[in-house]
Amino acid sequence: MTKPNRQLSNISNIEQQHTGWQWLHRLINSRSYKISICLFVVIFNIIDICVDWWFFVYNGTLKQGLVFGPPPRNTLWAIRIFCIIATCTSLLEIIQIIHDTCQSRPTSLFGQITNSLTLWFEDVPLLTLNLLIVICRDGEVTYISLTKAIIGIIASFIRFFSVLLNKWLIRHDYERKDRLSQFFNATSTIGVILIFMISTSIHIINSLPIDSFGHVYLEKPSDFTQFKFAHQKYFDHVGVFLRSPKFYEKYIYLADIVDIIEKSPQIFIYTVNQQDDVFCIKHLNQTCFQQLNDSNIEVYDKGLKSKSIHYSIAFEFQPPDSFYLLGDIHYNIIRCDDKTRDLYNEKFELHYFRFKQNFNQTKSPLLSNENQTYRYYDMNHDFKSIEHLWRTGLSRCSSTSSYNPHRSQEISINNCT
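A quick note: this is a predicted structure, and the numbers were derived from the prediction, not measured.

Between helix α3 (residues 31–61) and helix α5 (residues 109–134), the shortest axis-to-axis distance is 12 Å and the interhelical angle comes to 30 degrees. As far as their axial angle goes, α5 and α3 are roughly parallel. Crossing geometry of α3 relative to α5 is assigned as left-handed. Residues Asp-48, Asp-52, Phe-55 and Asn-59 of α3 form the contact with α5, whose participating residues are Glu-122, Asp-123, Leu-126, Asn-130 and Ile-133.

Encoded structure:
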């Protein structure tokens with residue numbers, strides 16, 4: 001007799017608690033309220049599914065450009081897996097709320113379970129992956145990241161009030177399901193709070209300028225925009241270099257990235273005379289050099305006795321778009337005496353390097369020695385690693401970009417003189 005009396009007493013206490021919420025009780029149990037909530041949840045879940053897959057497709061279609069590229073492959077796989085899970089849990093939630101509405105019931109136990117599953121297997125993991133991507137990015141606004149974060153904030157408010165009204169203030173499952181309902185109510189509430197915190201963090205981090213050490217830049221830069229600030233951090237004193245045809249670690253300077261961005265296109269004539277061991281670089285003016293030995297090169301101002309091969313190299317800046325977050329540098333190269341020739345086997349290799357801070361010479365194709373001779377730029381002694389410079393975001397993530405320009409045969413070259 002004690003146990004039934006205790007159950008009746010519990011029910012009586014709960015009913016007394018509900019007397020203060022009679023107007024709310026009537027609202028939640030009204031047909032129009034249930035249909036409105038059902039339609040809203042169905043539409044919102046469909047939008048959420050579309051945003052999830054947009055988030056995956058967008059990050060999967062990013063290309064390797066300047067500084068930024070697509071997220072790591074394992075991150076993309078994680079997004080894909082959780083998008084599939086999110087689609088399933090959202091569809092379950094849609095089916096359940098439609099079923100509950102048709103049965104004129106408030107949120108059932110299974111509805112509480114699907115709500116909790118959606119929170120912990122869709123919103124939390126996908127927003128966490130979004131946050132991991134955002135803390136590796138700076139200098140640009142990723143609209144899909146912001147959209148996903150906004151959806152997360154809206155969803156957290158909606159789910160919070162849903163849990164508060166339907167499950168904490170007015171509970172309808174008094175009996176054996178009560179403890180189980182409380183468990184899922186508690187997990188849903190914790191999930192809602194976590195989603196709100198992650199979504200807010202994404203918005204805050206997206207608006208912060210991050211310096212080259214991964215710290216928040218507190219001073220206001222002159223003429224500040226995220227894009228210009230990223231250029232100052234990543235492109236100052238970074239040049240495009242042509243690998244020496246004879247030495248793997250030796251390079252010839254062509255131009256700064258900033259010059260190509262601001263004065264695109266840039267065209268260079270590269271001349272090679274293998275018999276006399278001479279090469280020339282022409283941009284505004286032509287300068288020729290002759291290799292004396294492995295470490296010394298001198299300016300060559302004599303006429304070439306044998307036939308030389310001339311190459312024309314054109315650089316163009318691809319402005320930022322949905323594929324290139326900070327843009328990209330494209331180039332094309334042709335052999336002037338045979339413009340249709342495939343140059344794949346002629347081993348032209350371009351690379352980005354940053355001059356060291358103690359570099360104090362005028363930038364020229366080669367470095368000058370004290371004895372009025374020249375030498376190639378050495379990748380081990382004259383440069384700061386671009387891999388270290390292009391670490392991005394608050395967490396100083398390794399760049400997934402390319403460290404050299406991309407060839408595009410769509411760039412037309414008419415100048416070979």
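From this point, the discussion proceeds with the structure in view.
Position of Gly-191 among the secondary structure elements: in helix α7 (residues 178–206). Along the chain, Gly-191 and Val-124 lie 67 residues apart, while their C-alpha atoms are 7.2 Å from each other. When residues no more than four places from it in sequence are discounted, the contact partners of Gly-191 are Trp-120 and Val-124.

Turning to the sheet that holds strand β9 (residues 350–355), a few remarks are in order. In any sheet, the strands associate via hydrogen bonds between backbone groups, in a parallel or an antiparallel arrangement. Across the sheet, five strands lie side by side as β12-β2-β1-β9-β13; this open sheet has antiparallel pairing. The strands lining the two open edges of the sheet, one partner per strand, are β12 (377–378) and β13 (383–384). By the bridge criterion, two bridges tie β9 to β13 in an arrangement that is antiparallel. From the neighbouring strand, Phe-355 faces β13, where its bridge partner is Phe-383.

This brings us to the packing of aromatic side chains. Following the criterion strictly, the structure yields 24 aromatic pairs and no others. For the ring pair Phe-355 and Phe-383, a centre distance of 6.3 Å and an interplane angle of 65 degrees mean the geometry is edge-to-face. Within this pair, whereas Phe-355 is found in strand β9, its partner Phe-383 is found in strand β13, the two being separated by 28 residues in sequence. Taken individually, Phe-355 and Phe-383 each receive the classification buried, so the pair is uniform in this respect. Ring pairs connect the aromatic residues Phe-241, Tyr-251, Tyr-253, Phe-353, Phe-355, Tyr-377 and Phe-383, which therefore count as one cluster. A cation over a ring is seen here: Arg-243 above Tyr-248, with NZ or CZ 3.9 Å from the ring centre.

On any regular strand, side chains alternate: one points to one face of the sheet, the next to the other face. Across the eight residues that make up strand β3 (residues 266–273), a large majority, seven, are buried. Note that β3 and strand β7 (residues 309–318) share seven bridges and pair antiparallel. For Ile-267, the partnering residue across the bridge sits in β7 and is Ala-314.

Take the state of the cysteines next. With the rule as written, the count across this model stands at two disulfides. Across the disulfide from Cys-136 sits Cys-397; the S-S distance is 1.8 Å. Its S-S torsion of about -60 degrees marks the bond between Cys-136 and Cys-397 as left-handed, since a negative value means left-handed. Taken as a pair, Cys-136 in the loop between α5 and α6 (143–169) and Cys-397 in the loop between α10 (386–389) and β14 (406–407) lie far apart in primary sequence, 261 residues in all. The disulfide that involves Cys-280 links it to Cys-288, with 2.0 Å between the sulfurs. Across the S-S bond linking Cys-280 and Cys-288, the dihedral sits near 105 degrees, which makes this disulfide right-handed. Look at Cys-280 and you get buried, because its relative accessible area is 2%.

Here is what the cut-offs are and how they apply
- Residues numbered from 1 in each chain as written.
- Predicted model: local features only at pLDDT ≥ 70, side-chain atom pairs only at ≥ 80, totals over all residues.
- Heavy atoms only, no water.
- Axes fitted to C-alpha atoms, helices over the stretch in contact; angles between N-to-C directions.
- Helix = DSSP H or I, 4+ residues; strand = E, 2+ residues; numbered from the N terminus.
- Parallel < 35°, antiparallel > 145°, perpendicular 65-115°, else oblique.
- Left-handed = near helix turned anticlockwise from the far one by under 90°.
- Contact = heavy atoms within 4.5 Å.
- Pairing = 2+ DSSP bridges.
- Phe/Tyr/Trp six-rings, centres within 6.5 Å; stacked < 30°, edge-to-face > 60°.
- Buried < 20%, exposed > 50% of the residue type's maximum accessible area, 1.4 Å probe, protein only.
- Lys NZ or Arg CZ within 6 Å of the ring centre and 35° of its normal.
- Disulfide = S-S within 2.5 Å.

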